[in-house]
Every structure is written in structure tokens, then in C-alpha cells.
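Residues per chain, in single letters:
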Amino acid sequence: MENKRYKILLVEDDRLDQMAFKRLVKDENLPYDYTIAGSVTQAKHILNAEKFDIIFIDYLLGDGTAFDILDSIAATPSVFATGTGSEELAVKAMKAGASDYLIKDPARNYLKVLPEVVENAIRHKKAEEELKKYQEKLVELVNERTEELAEEKELLAVTLSSMADAVVAVDADNRIMLLNKAAEQITGWQFREAKGRPVDEVIKICNEQTRQPAESPIDRVLESRKLETGTEHDILISRLGREYPVSATAAPIRKNDGNMTGIVMVFRDVSQQREIDRMKSDFISSVSHELRTPLTSIKAYAETMLCDKNMSDQTKYEFLQIINEESDRLTNLINGILEISKIESGTIEIVRARVKAADVLKRGAEELRHVAEKKHITLKCDIENNLPEFLGDENKIRSMITNLVTNAIKFTPENGAITVSAKMCNDELVVKVSDTGMGIPKDDLNKIFGRFYRVHRPGKQIQGTGLGLAIVREIVLRHDGRIDVESEIDKGSSFTVYLPVSPQTASALPK
């Protein structure tokens, strides 16, 4: 993005959030000229008089909600903020026109990602405008050149073949008369084979949720005689049966006299965008569940202790142990969310110092021994005592090993085994965590380190946020290392971390 100042309207009735926003702008020296509105009424008054590059709106306001404002600012990028963490509310906001949404947290760490969110929202808006202009230009070009198609054929073919978006044009009888290279790749049809065929034989669009055939934008253009778009659930099924989530737009091709002579459809593969949306949705759902479960348990045991005044000390002790464990579970979840938030915002820091590898790895693994024993899982540590010291962040290395062991415990059934080993090999510290658990499908191995990614396991889905391995990978990369995984379904998995060790550099540090 070009370096420029942005005019921002913050609609927020919480004075502490207002102060935190002002402090962020000042401390980070952000290029923002901002105006603050403390209510829906004030925001509408300001919007009637001024234009803004982006609007940041809190959901609950004193005299209404963000939805009272979203309806009137469709042309301006907006970011929706809520402290409820409701997936339904976030989806509703996005459908109402919000460019993005943020989940508030008590420490207001969500503001740290605001600069990136602002850039993304404005970039997305510009991309939409450019795409709209591009599609409008394409339709205009096809309309103007229909009668001159024979003379312009070579030039048009070159232009269309270089486009990243797929383009399909049909004649008045709904038969294929143009298919560019991008369309050939996604449909599995060569133009020479598809030319003259009914479009329904070549372009097969279904609803991703119902799996039933969906009405193509081309069919709708035949009825409306105007530009039509597909739905957010459209998938295109190629000739070979492969499925592509697509975003499609179709428009009539008209002669100078206004008569429609055909239809052109532009569509693009939005698999990555749909996957991001799905992961965000899964993440919100998972976090809600992961928070609700320990909170429910804590509340139940606490209420029982308060109501039963004659409870024995032994029972109280057992209840308090459970409350303590559930509190630790909450703490770990929140720490994971904060850690991934730092990664997302680029603020994660590695504080390098002398690290005693053997001590840190053993402590990290031993902390989880009681968790493994509860599931009757054998936890074995095979960590060499003479491992050299190296330069690294002790807390991050400890987080790395605890995340890997926690993951192994989660996916290993009762009476299983986990082995944590560490040794030196060719100036590298090799740390391996192996288990006898469920294993990971081959198709998921290259995805499991992605943020929010969780392996789909029909019939035995295990709750989680999909953050642990993303955090591990980031820690390893920040230590200039690498991580590999080997797995076999129902036999277990092995995660191996390779960290470069330079004893000479470490020995130069002050003790």
C-alpha cells in the first residue's frame, strides 16, 4: 500500500477503549487523522458532514448498535468490533457490509492488529473497485466488438489467454463460443472440445452445502437481461470431478441496437478465501466451546462448595483441585490466543540468552506428566544430559515443547505412549515428540501448521483451536530452525524440530 494518511472515524462509547485507541495511534506514530463518535446519533451527524477512508465501529453503543450505522456506509470500508465473541453476530456483521471484525479482549490487545486490519480493509475495498471496473470494462469490450469479432479474434484471444480470471462466453442459443486458458484449467475442457456445446455440459455449478445443482448466473441473465452474480456457496465441478469454490459474474452481450446476442461470464477460484472464512468460523466456534467448558465446570464446583456447608475437607480439596486445573486450562487457551495474536500482528519477540537445552526440555515435558497419567498414557523422556547451551528464548522453547506434548496427549487414546527425545546431530539440536495416537491423514500433513487449521475427523472430532502447531512453527522459524512431521493413521505421529546450535557463540555470552 502507498504510504499515506488515513482519515478514520472511531465509533466507540467506552472511554477506556477511546483512550487505548488514542494511545496506540500516538505510540505507534500511525498515519491516522481520526475523529471519535461516542454514539450512533453522533456518528450519523459526523457522517452527514464528512467522508472517511475507514470506520471502526463498536457493536454495542449507548443509543443503538453498529448495525444502525452499517446500513448507511456501504461505500466505506468498516471494521466491526465486539466483545461478545459470538460467531452468529460476526457473520451477521460481515453480511451487513463490514469488511472485517475483531473480537475484543479485556486487555485491549485486539487494538495491536488494528493497523494491519485497516490496511487490509482499504486494500480489499480498492481491489473490489478495481475488479468491478475490470469486469465492467470487459463487458463493454465484448459488447463493442461482437460485430467485429472476426477481425479482432487474434487480439482478443491473446488478451483473454493472459487473464488470471476464467472467462466463458455463450451465444444466443446458450452454446460455448469462447473459453480462455484460465477457464480451460478450471473446467477441465479444452476450447476446441467445448466450442459449440451447450454451456450446461461444460460449466456445472452446484451448491456447496446442499450438493444440488445451482442456477448459473448465465441462466439468470437469460431471464433478467442484466448483469447477475452467483452466490457465496457456488462451487464449480470440473470435467474430472474436482470441485472449485467460485465467484461468478455474468452479463449480457449486446449489439449497438441493444439486442442481446450472447452472455459472458467471468469467474475465479476463491478456494483460499472460503478456507479462511471457514477457519475463522471454526476458530470462533472452537474458542467459544473451549472457554465455556472449563467455566461451566468451575461454576458448578464453586456453587456446590458454597451450597454444601457440611462438605468434608477432603471433598473440598478435590473440588479445588478441579477448579485449579480448569483455571489452568483457561489460562493456556488465553495465552495461546494472545500468542497467535502477536504472531498475526508481527509483534512476537525472541529474547535470546543462554539456554540450557536439557533442563528446559525436561521441565516442559515433566509439567504435563500428570495430564498424561490421567489418560493412562506413558510419557517417556529420553533427553541427553550433556546437551550444549545455545542462544535462544527459554520461554519460547518451553512453549514449543509443551505445545507439542499437549498435542500428543490430546490425540493419543488411553494406554498409549508418548516419547520426548533430544540429542545433538551435526551442530543441530534435534527434538522429537512421538506418540501412538490417531495419526494425521496424508492430505492434511502440509496444512496442520496453518493458523486455526484442525484435521477433520468424522465421528471422533477432538475439540481445539488449531493454534498450537502454528505457534510451534513460528517459534521454530524465529530460532532459524525447521520442523518435520511423519504420521500414519491409527499408528501415531512424530514431530521433529531441528534447531541450529553454535556452542562458540553461546560460550561468548556472559554467564
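This structure is a prediction, so every number in the text was calculated from the model and none was measured.

Pulling in residues and values, what's your account of the packing of aromatic side chains?
A full pass over the atoms with the stated rule returns six aromatic pairs. Between Tyr59 and Phe80, the aromatic rings sit 5.7 Å apart at their centres with planes inclined by 45°, giving tilted as the arrangement. Placement of Tyr59 in the loop between β3 (54-58) and β4 (60-61) and of Phe80 in strand β6 (residues 78-82) is noted, with a sequence separation of 21 residues between them. Looking at Tyr59, the relative accessible area reads 17%, which means it is buried. The class of Phe80 is buried, set by a relative accessible area of 1%. With a centroid separation of 6.2 Å and an interplanar angle of 90°, the aromatic rings of Phe449 and Phe495 are classed as edge-to-face. With Phe449 in the loop between β19 (428-435) and α16 (468-478) and Phe495 in strand β21 (residues 492-500), this residue pair connects regions lying 46 residues apart in the sequence. Overall, Phe495 belongs to the buried group, its relative accessible area being 6%. Here a set of aromatic residues connected by ring pairs shows up, and it is made of Tyr59, Phe67 and Phe80.

So, the nonpolar core: which residues are in play, and what are the values?
The biggest cluster of nonpolar side chains holds 42 residues, and the ones touching the most others in it are Met400, Leu429 and Phe495. When residues of this core are traced back to their parent elements, those giving at least two are α13 (357-366), β16 (378-383), α15 (394-410), β18 (417-425), β19, α16, β20 (482-488) and β21. Here this core takes seven residues from α15, the largest share from any one element. Phe495 has contacts with Leu404, Val431, Lys432, Val433, Ile440, Ile448, Phe449, Leu469, Ile483, Asp484 and Val485, leaving out every residue within four places of it along the chain. Core analysis: the second largest hydrophobic core is formed by 25 residues, Val202, Ile203, Ile218 and Ala248 among them.

Pulling in residues and values, what's your account of the side chain of Thr412?
Looking at the secondary structure, you find Thr412 in the loop between α15 and β18. In terms of polar contacts, Thr412 uses its side chain to reach the backbone carbonyl oxygen of Ala408, at 2.6 Å. Discounting residues that sit within four places of it in the chain, Thr412 has contacts with Lys375, Ile377, Ala417, Ile418, Asp435, Thr436 and Gly437.

Summarise the pattern of salt bridges; cite the residues concerned and give the values.
In this structure the tally under the stated criterion is 22 salt bridges. The salt bridge partner of Lys374 is Glu325, with a shortest N-O separation of 2.5 Å. Pair noted here: Lys374 is in helix α14 (residues 369-374) and Glu325 is in helix α12 (residues 313-345), with a separation of 49 residues, a long-range link. The partly exposed category is assigned to Glu325, whose relative accessible area is 33%.

Lay out the packing of α15 against α16 with the relevant residues and their values.
For the pair α15 and α16, the least separation of the axes is 9 Å and the interaxial angle reads 145°. In the crossing of α15 with α16, the sense of the turn from one axis to the other is left-handed. For the pair α15 and α16, the contacting residues are Lys396, Ser399, Met400, Asn403, Leu404 and Asn407 in the first and Gly468, Leu469, Ile471, Val472, Ile475 and Val476 in the second. Grouping the constituent residues of the contact of α15 with α16 by class yields seven nonpolar, four polar and one charged.

Describe the sheet that holds strand β7 (residues 100-103), and please don't skip the residues or the numbers.
Strand order in the open sheet made by the five strands is β2-β1-β3-β6-β7, with parallel pairing throughout. At either end of the open sheet lies a strand with only one pairing partner, and these are β2 (32-37) and β7. Neighbour to neighbour, the strand axes of the sheet diverge by 20° on average, direction disregarded. Taken together, the four bridges between strand β1 (residues 6-11) and β3 define a ladder with parallel strand orientation. Note on β3: the bridge partner recorded for Ile8 is Ile54. Set on the sheet, helix α2 (residues 40-49) makes contact with β1, β2 and β3; between it and β2 the angle comes to about 135°.

Before we move on, could you go through the sheet that holds β20 and cite the residues and values that matter?
The five strands are arranged β16-β18-β19-β21-β20 in an open sheet whose pairing can be described as mixed. Both edges of this open sheet fall to β16 and β20, since each of them pairs with a single strand only. The mean inter-strand angle of the sheet, taken between neighbouring strand axes irrespective of direction, is 10°. In this sheet, β21 lies alongside β19 in antiparallel orientation, the contact comprising seven bridges. Bridge pairing in β21 places Val430 opposite Tyr498. Here α13 sits on the sheet in contact with β16, β18 and β19, set at roughly 180° to β16.

Break down the environment of Leu114 for me, citing the residues and quoting the values.
Inspection of the secondary structure assignment puts Leu114 in helix α5 (residues 114-145). Measuring from C-alpha to C-alpha, the distance between Leu114 and Phe56 comes to 9.3 Å, with 58 residues separating the pair along the chain. Leaving out residues up to four positions away in the same chain, Leu114 has contacts with Phe21, Leu24, Tyr32 and Phe56.

Break down the packing of α13 against α15 for me, citing the residues and quoting the values.
The N-to-C vectors of α13 and α15 enclose an angle of 45°; their axes lie 8 Å apart at closest approach. Compared by their axis directions, α13 and α15 come out oblique. Between α13 and α15 lies a crossing whose hand is right-handed. Seen from α13, the contacting residues are Val360, Leu361, Arg363, Gly364 and Ala365; seen from α15, they are Glu394, Ile397, Arg398, Met400, Ile401 and Thr402. Looking at side-chain class alone, the contact of α13 with α15 contains six nonpolar, two polar and three charged residues.

Can you break down the pairing of strand β13 (residues 243-254) residue by residue, with the values?
The buried fraction of β13 amounts to nine of the twelve residues, a majority that puts the element mostly inside the structure. Across two bridges, the pairing between strand β11 (residues 228-229) and β13 is antiparallel. By the bridge assignment, Thr229 is partnered in β13 with Thr249. Direction of pairing for strand β12 (residues 234-237) relative to β13: antiparallel, over a ladder of three bridges. When the bridges of β13 are listed, Ile235 appears paired with Pro245. Hairpin remark: β12 followed by β13, antiparallel, with five residues in the connecting loop; positive phi at Gly241, about 90°. Two elements, β13 and strand β14 (residues 260-269), share nine bridges in a ladder whose sense is antiparallel. Residue Ala248 lies in a different strand from β14, and its bridge partner there is Phe267.

Report on the side chain of Ser238, specifying residues and quantitative values.
Along the chain, Ser238 falls in the loop between β12 and β13. In this structure Ser238 touches Ile186, Thr187, Gly188 and Tyr244, once residues within four positions along its chain are discounted.

Rules of the game
Residues numbered from 1 in each chain as written. Predicted model: local features only at pLDDT ≥ 70, side-chain atom pairs only at ≥ 80, totals over all residues. Heavy atoms only, no water. Phe/Tyr/Trp six-rings, centres within 6.5 Å; stacked < 30°, edge-to-face > 60°. Helix = DSSP H or I, 4+ residues; strand = E, 2+ residues; numbered from the N terminus. Buried < 20%, exposed > 50% of the residue type's maximum accessible area, 1.4 Å probe, protein only. Core = buried A, V, L, I, M, F, W, Y, C linked by side-chain atoms within 4.5 Å. Contact = heavy atoms within 4.5 Å. Polar contact = N/O pair within 3.5 Å; in protein donor to acceptor, adjacent residues only side chain to side chain. Salt bridge = Lys/Arg side-chain N within 4 Å of Asp/Glu carboxyl O. Axes fitted to C-alpha atoms, helices over the stretch in contact; angles between N-to-C directions. Left-handed = near helix turned anticlockwise from the far one by under 90°. Nonpolar A, V, L, I, M, F, W, Y, C, P; charged D, E, K, R; others polar. Pairing = 2+ DSSP bridges. Parallel < 35°, antiparallel > 145°, perpendicular 65-115°, else oblique.

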